[in-house]
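Summary of structural features
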Amino acid sequence: MKLIAPRPIKNFISSFDLVLFFLVLAIIGIGIFNLTSIANILPKPLHNMQILWFTLGFIFCVIPCASIDYRNYARFGSAIYGAGIAMLVAVLIFGSDFNGSRRWINLGLFTMQPSELMKIALVIFIAKLFSEREHRQDYRLKDLLPVFGAVLLPMVLIFLEPDLGTALLLALISGIMILFEGVKTKTIALIAAILIACAPAAWFVMHDYQRSRVLTFLQIEDDPYGSDWQVKNSVIAVGAGGLTGRGYGQSTQVQKGFVPEPENDFALANWAEEYGFVGVALLLALYFCLLLWALHIAKSSRDRFGMLLAVGIAAIFFWQVVVNTAMVVRWAPVVGITLPLISYGGSSVLCMMICIGILMNVSIRRHMLSSS
Amino acid sequence: MPLTKKTQTNAAGAEAKTSPKDYVRSFRWFTVLISIAFGLLLTRFWHLQIVETDHYRQLAFNNFIKRRVVPAERGQILDIKLRPVATNHPSYDVTLTPAFFTNSKEPEESFNRRIQSLTSYLAMSPQERDKLAERIKKTKPADRFAPIPVKSGITRDQLAKVETNALELHGVEIVATSRRYYPFNELGAHLIGYVNQINDTELQKLKVYGYRMGDVSGRMGIERTYEPILRGANGLSASVVNAQGIPQTDRESVSLMRDWKDVAPISGKNIILTIDMDVQRILKDALRDYPSGAIVAVEPATGRVLGMTSAPSFNPNSWSGRLSRDEHLDADTNPYKPMLDKSLLSFFPGSIYKVITAAAALDTGLMQPQDTLTCPGYYEYGKQKRRFHCWKHSGHGAVSITEALASSCDVYFYKVGEKLGIDRLADYAKMFGLGEKTGIGINNESAGTVPTREWHNKRSKEGFQGGFTLSTSIGQGDVKVTPLQMAMLYATIANGGTLYYPQIIDRIETADGHTIFSYPSRIHAQLPFKKETLDTIKSGLDMVVNSEIGTAFAYRLSNLNVAGKTGSAQVISKRVSSAAVEFKYRDHAWFAAFAPIDDPKIAIAVFLEHGGSGSANAGPVAMEVLERYFREILSDRPTP
């Protein structure tokens, strides 16, 4: 297989997606600004590290991922998927334990979370599977079996880490992609019925702490691990923010240590307490624009693969934003899903930059292909 | 953009037979899904940040402001010589906050190791250690930030050990508090009382008065009755803390408190008793040979209580802390009931009650001082000629009222009592304050019993019978009095007819020694007797001690003129010698007295529960008290 040759560099620059670039830059800016306000309560300030990660991400993820013609992703789709699965298996064998689960592979210089990359690999692979077939609006269960298989395998591996949140996230992301392709109403009903029937079984394979999180979230059970106490403090932080917030560095809930992981999963709680409803609305508006722009890219892409790729990336962003936000306001249990482009962490940042790179790729190609 | 149209004809998208145009519906529902999800999330933020923001601001405020109650110092109780009898000692308590002590990520052994070292520093038993570990593990998440008590009143040594290992013991705190301390231990324990921690049920009732979990409350005596005066008012202070409960002192944190003002505690008031602890000791010493009894000493001229003791006693220091099992068991099973204040419980009085019958006989004019009645050793009552015996079966012969008192002749009082009737006797008893509480205000004192015709009719089916009058006239039957009532009664005879309220508190002062209230002596009643009536009774009581026929002649003091009356009250229908029967069937021994006769300085009532004879047993006890009182306490004054 030969790589599809890159187009002239002039073309590349002229068709660079500035809307996407500035939307992403705005969100990243908010994230870094948010990190500076809590710098004094962290063991060491993280905003400079975060800037470094984004810079590295731009150079080593966005540029390469945007440059290689995305049709190459389709060609190497199976290989990418296979590599993702291999890494998931590797993490179960060689991964390092942290907080009782194996999610990380130590690569010497930095640690990597294979499940993050798997989200992207899966999106590419599903896009490839669909785009290689004739498009029909009314898939039946039988037609979808290969796709289900492709989703279930990494889900099980991630579930074994254990990382229930990311496993479910894979299902949600691929769900969007499958429904986007179009499934017979009857089949949707059937799948829903199967899922409901399987729910009790899921209960039995869950770990104690996972069950307990669900129970405490539903307020059925007291909170033996203290996680609900933390989430309640997150809600207090959000509520205390009021309309315009308490101001930069004035978030007592976060500043006095009542909100857990304010640099990571609960970064939004700090933002909400310091800038109130106005700040939250601004941030959600940016995400909303980003998602609409991603859909616009999908809609205007030249081929089905590009479109499905953009839709898949949009689904990743969509679910992560929704689940993380819901978690912060106690509408969802604590499942360790980060807020894209805001939460601190190398693995998360690099993964999101890869997503942006792919999105940029699809966006650029729609102009370049048309002009050729 | 027209791009999509062009792509359909463009061969570049070779494998795609369809274009995004076919996905119009899919794009539409995905956009709708995104909009709905974001819309819903925004309503949640709207609700939290706009609608309920005040509520959450308050919760956030409560989170970082830690209010701390500053306990008020409990007032002291001092004796008349201003020696503290109930005071406060600094005490160090150890508490532990489960949320900081435990670490969910650490293995079980390391937790156990820490518990082991903490409990060994504090010299706690393995059982106490396991109980503590259990309690920490079982703490509900909501309570994990509330300190739980580990041990109170630790020694200096233990304090040092915990402090040097503070780094290892996260969340372990040493709290300086104060503990109630009674320097005189058992002395006057019933009167002074003790304190201990309120329980959950009490807390519910006392919350409105500012009581909190772990606060103490007076349980007996002065501590209990004067709880509101002794307690004082707690103060309140606040500091900014972080989620670990660690105070934040930087300027920015402090500015979060805005206009918070600390409220200073107000110490409880000091109570100065009329009691002299030296007198207390004399009273206690005098009871040394008797397992159960009480002595009350009052000042006849004022009604001030000089001392009152009840035996056996208990140690209020033990009862104010954690009681050892043995002490608890002893209090429950000791047949002499150490927790009862016998100076305020009522018992059969026996012959010391005869002064009531004598006063009634003289005051009504039934008998004149010189009139005599004959005692053949018995009295035949009613048509059945039922025999009521005199204690002296051989009889006293012809006796006047003073001789009858001196020799404690029962027949004289049977005859007089029968003529007066039970209700008249009761009227006179009530004049002397019997049958009602004296109003001393502590330990739920008993009113005693003054039986009347009506009282008997209500009490039993058979109702009142004539023989009851005879028993009542010599202080038997159903008459019951308290040692305090007897002391007050003899003080009234001594001072010429003024019945005072007993007074145990001299004054109340603020912590810095400002007198807030000085208690005056209060007169309950001025008895409307002729002077001769009381003089006659007094000379009868004089003869009890100082004439050869007197029942206490053998115990008279060489240097002090004492007047008094012995009493041996039967508790079963037959009079029997003490040694022959079980303790609880033995007679009560009484001696009530005052001295000196001409200018009485002290009136006392000695009560020995099942102590035997009023003269042989109670007499020497009373004489010892009086002798020592004049020699040791009033030594600087001339003794008559």
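Residues numbered from 1 in each chain as written. Chains lettered and ligands numbered in written order. Predicted model: local features only at pLDDT ≥ 70, side-chain atom pairs only at ≥ 80, totals over all residues.

For the rest of this paragraph, the subject is the overall build of chain A. When helices and strands are counted, chain A shows 15 helices and three strands. Taken across its 372 residues, chain A has 51% of its residues classed as buried. The long-range fraction of contacts in chain A, counting pairs at least 24 apart against all pairs at least 6 apart in sequence, stands at 71%. (Helix = DSSP H or I, 4+ residues; strand = E, 2+ residues; numbered from the N terminus. Buried ≥ 20, exposed ≤ 12 C-beta atoms within 10 Å, placed from the backbone. Contact = placed C-beta atoms within 7 Å.)

Moving on, we come to the overall build of chain B. Counting its regular elements, chain B contains 24 helices and 22 strands. Residues classed as buried in chain B amount to 41% of the 640 residues present. Put simply, 74% of the contacts in chain B that link residues at least 6 apart link residues at least 24 apart.

Turning to the nonpolar core, a few remarks are in order. Ranked by internal contacts, the top residues of the largest apolar core, which has 130 residues, are Ala487(B), Tyr490(B) and Ile604(B). With nine residues, the top contributor of residues to this core is helix α22 (residues 483-494) of chain B. Excluding residues within four positions of it along the chain, Ala487(B) makes contact with Val296(B), Ala297(B), Val298(B), Ala592(B), Ala603(B), Ile604(B) and Ala605(B). With 124 residues, the next largest nonpolar core counts Phe305(A), Ala315(A), Val349(A) and Ile34(B) among its residues. (Core = buried A, V, L, I, M, F, W, Y, C linked by C-beta atoms within 7 Å.)

As a further point, take the sheet that holds strand β10 (residues 293-298) of chain B. Residue and element names in this part refer to chain B. The strand order across the open sheet formed by five strands is β11-β10-β22-β21-β20, and the pairing between neighbours is antiparallel. Whereas interior strands pair on both sides, the edge strands pair on one side only; in this sheet they are β11 (305-311) and β20 (563-569). Taking the axes of each pair of neighbouring strands and ignoring which way they run, one obtains an average angle of 5° across the sheet. Note: β20 against strand β21 (residues 588-595), seven bridges, orientation antiparallel. Following the sheet pairing, Ser 568 is matched in β21 by Ala 589. On the sheet, α22 packs against β10, β11, β21 and β22 (602-608) and is oriented at approximately 150° with respect to β22. (Pairing = 2+ DSSP bridges. Axes fitted to C-alpha atoms, helices over the stretch in contact; angles between N-to-C directions.)

Residue and element names in this part refer to chain B. Judged by which residues are buried, strand β9 (residues 270-273) turns out to be covered on both faces: Asn 270 and Ile 272 on one side and Ile 271 and Leu 273 on the other are all buried. As judged from the two bridges shared by strand β2 (residues 77-78) and β9, these two strands associate in the parallel manner. Within the sheet, the bridge partner assigned to Leu 78 lies in β9 and is Ile 272. Note that β9 and strand β17 (residues 505-509) share four bridges and pair antiparallel. Looking at β17, one finds that Ile 271 is bridged to Ile 508.

Turning our eyes to something else, we now look at the packing of helix α6 (residues 114-131) of chain A against helix α14 (residues 304-328) of chain A. For any two helices packed against each other, the geometry is given by the interaxial angle and the distance between the axes. All names here are of chain A. Packing of α6 against α14 leaves a shortest axis separation of 9 Å and a crossing angle of 145°. Relative to α14, α6 is oriented so that their crossing is right-handed. Residues Lys 119, Val 123, Ile 124, Ile 126, Ala 127, Lys 128, Phe 130 and Ser 131 of α6 form the contact with α14, whose participating residues are Arg 304, Phe 305, Leu 308, Leu 309, Gly 312, Ile 313 and Ile 316. Across the contact of α6 with α14, the residue classes tally to 10 nonpolar, two polar and three charged. (Left-handed = near helix turned anticlockwise from the far one by under 90°. Nonpolar A, V, L, I, M, F, W, Y, C, P; charged D, E, K, R; others polar.)

In this section: the environment of Ile356(B). Residue and element names in this part refer to chain B. As for its position among the elements, Ile 356 is in helix α16 (residues 354-363). The sequence separation of Ile 356 and Leu 489 amounts to 133 residues, and the corresponding C-alpha distance is 9.3 Å. Setting aside chain neighbours within four positions, we find Ile 356 in contact with Leu 425, Tyr 428, Ala 429 and Phe 432.

Now for α14(A). With 25 residues, α14(A) extends 36 Å between its outermost C-alpha atoms, agreeing within 8% with the 36 Å of an ideal straight helix rising 1.5 Å per residue. With 24 of its 25 residues buried, α14(A) lies for the most part within the structure. (Expected span 1.5 Å × (residues − 1).)

Once that is clear, we can look at unusual backbone geometry. All names here are of chain B. Ala 311 connects to Pro 312 through a cis peptide bond whose omega is -10°. In this structure, Pro 596 follows Ala 595 across a cis peptide bond, with omega equal to -15°. Of note, Pro 596 is situated in the loop between β21 and β22. For Lys 385, which is not a glycine, the phi torsion comes out positive at approximately 50°. Backbone geometry at Ser 408 places phi at a positive 55°, although glycine is not the residue there. Among the secondary structure elements, Ser 408 is positioned in the loop between α17 (401-407) and α18 (410-420).

Residues and elements named next belong to chain A. Interhelical geometry of helix α2 (residues 18-37) versus helix α13 (residues 267-299) gives an angle of 165° and a closest axis separation of 10 Å. Relative to α13, α2 is oriented roughly antiparallel. Between α2 and α13 lies a crossing whose hand is left-handed. Residue-level contacts link Val 19, Leu 20, Leu 23, Ala 26, Ile 27, Ile 30, Gly 31, Asn 34 and Ser 37 of α2 to Ala 267, Asn 270, Trp 271, Glu 274, Leu 283, Leu 286, Cys 289, Leu 290 and Trp 293 of α13. Along the lines of polarity and charge, the residues of the contact of α2 with α13 split into 13 nonpolar, four polar and one charged. (Parallel < 35°, antiparallel > 145°, perpendicular 65-115°, else oblique.)

Residue and element names in this part refer to chain B. Looking at where Lys 601 falls in the secondary structure, it is placed in the loop between β21 and β22. We classify Lys 601 as buried; it has 20 C-beta atoms within 10 Å. Sequence separation between Lys 601 and Tyr 629 is 28 residues; the distance between their C-alpha atoms is 9.8 Å.

Glancing now at the confidence of the model for chain B. All names here are of chain B. The share of residues in chain B with pLDDT of 70 or more is 91%, and the mean pLDDT across the chain is 86. Contacts of residues 1-17 to residues separated by more than four positions or lying in other chains number 25 contacts, the stretch itself having pLDDT below 50. Among the scores for the predicted complex, ipTM is 0.92 and pTM is 0.64. (pLDDT = per-residue confidence, 0-100.)

Time to look at helix α5 (residues 108-121) of chain B. Residues and elements named next belong to chain B. An ideal rise of 1.5 Å per residue puts 20 Å on 14 residues; α5 measures up with 20 Å between its terminal C-alpha atoms. Among the residues of α5, those classed as buried are Arg 114, Ile 115, Leu 118, Thr 119 and Tyr 121. Looking straight down α5, one finds its buried side chains confined to an arc of 160°; they lie on one side. The exposed residues of α5 that point more than 90 degrees off its buried face are Glu 109, Asn 112 and Ser 120. The secondary structure elements touched by the buried residues of α5 are α6 (126-138), α7 (156-164) and β5 (172-181). Note on α5: the residue one or two positions beyond its end, Ala 123, has a positive phi of about 55°. (Arc of directions from axis to C-beta.)

So, about the environment of Ala359(B). All names here are of chain B. With respect to the helices and strands, Ala 359 occurs in helix α16. For Ala 359, a count of 25 C-beta atoms within 10 Å puts it in the buried group. Residues in contact with Ala 359, not counting those within four places in the same chain, are Tyr 428, Phe 529, Thr 533 and Ile 537.

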